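# Survey of secondary and tertiary structure
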Amino acid sequence: MAGAGWFATALLTVAGFAAPPPASVPGFDYTERREYYLVDGRTVDTLKRQLDAALSRKGLGGKGVGRTVQHLSSRYEFEPTPRGCRLKDLAVSLDVTIHLPRWEPKGGKAKGLSERWERMLDALTRHEEGHRDIAVDTARRLL
């Protein structure tokens, strides 16, 4: 379907323009890490099977070959005022882990498959970074 392909491209484009992770912002604690899981298949079918099973083995089940996990938390105190209470010392923490595959086939990478892998990994990375950007935007709005 042409419409579905256009929509997916639009989503990736929007994700690419989302706000980057924050620099030091008072009251905002942000950490990000990347965790990689290894696949070593030498054919498309073998790689697909390995990719489909990898996240489940890590306890991150579901569909897909990448995963972005975020933990958002806040802390604050109430300060009494004559008109009621207000928030004091608000702090927001966001911890993001992006899980991506790393391909290390025994005997080297086949040229045609290597090019396909790089295109897939680039798109997957942008997609997962889009999830990260949504979490960062949410944390900023909360703060």
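For the structure itself, consult the block above.
This text gives an overview of the structure that appears in the document. (Residues numbered from 1 in each chain as written. Predicted model: local features only at pLDDT ≥ 70, side-chain atom pairs only at ≥ 80, totals over all residues. Heavy atoms only, no water.)

### Re the sheet that holds strand β1 (residues 28-39)
Strand order in the open sheet formed by three strands is β1-β3-β2, with mixed pairing between adjacent strands. Here the strands that pair on one side only, and so sit at the sheet edges, are β1 and β2 (67-81). Averaged over all pairs of adjacent strands, the angle between strand axes in this sheet comes to 15 degrees, irrespective of strand direction. With 12 bridges joining them, β1 and strand β3 (residues 84-103) adopt parallel strand pairing. Each residue of the ladder has a partner; that of L38, found in β3, is R102. With respect to the sheet, helix α2 (residues 44-57) is in contact with β1, β2 and β3, its orientation differing from that of β1 by roughly 140 degrees. Strands in contact with helix α3 (residues 111-142) are β1, β2 and β3; relative to β3, the strand with the most contacts, it is inclined by about 175 degrees. (Pairing = 2+ DSSP bridges. Helix = DSSP H or I, 4+ residues; strand = E, 2+ residues; numbered from the N terminus. Axes fitted to C-alpha atoms, helices over the stretch in contact; angles between N-to-C directions. Contact = heavy atoms within 4.5 Å.)

### Here's the deal with unusual backbone geometry
Not every positive phi belongs to a glycine, and D89 is a case in point at roughly 55 degrees. Within the fold, D89 resides in strand β3. We classify D89 as exposed; its relative accessible area is 54%. (Buried < 20%, exposed > 50% of the residue type's maximum accessible area, 1.4 Å probe, protein only.)

### Overview of the pattern of salt bridges
For the structure on display, the rule yields 10 salt bridges. The salt bridge partner of E32 is R34, with a shortest N-O separation of 3.4 Å. Relative accessible area serves as the criterion here: at 29%, R34 is assigned to the partly exposed category. Salt bridges sharing common partners tie together E32, R34, E129, R132 and D133. (Salt bridge = Lys/Arg side-chain N within 4 Å of Asp/Glu carboxyl O.)

### Here we look at the packing of α2 against α3
Running from N to C, α2 and α3 cross one another at 35 degrees; their axes reach a closest spacing of 11 Å. On α3, the residues touching V44, L47 and L51 of α2 are L113, R116 and W117. Here the residues of the contact of α2 with α3 are counted per class, giving five nonpolar, no polar and one charged. (Nonpolar A, V, L, I, M, F, W, Y, C, P; charged D, E, K, R; others polar.)

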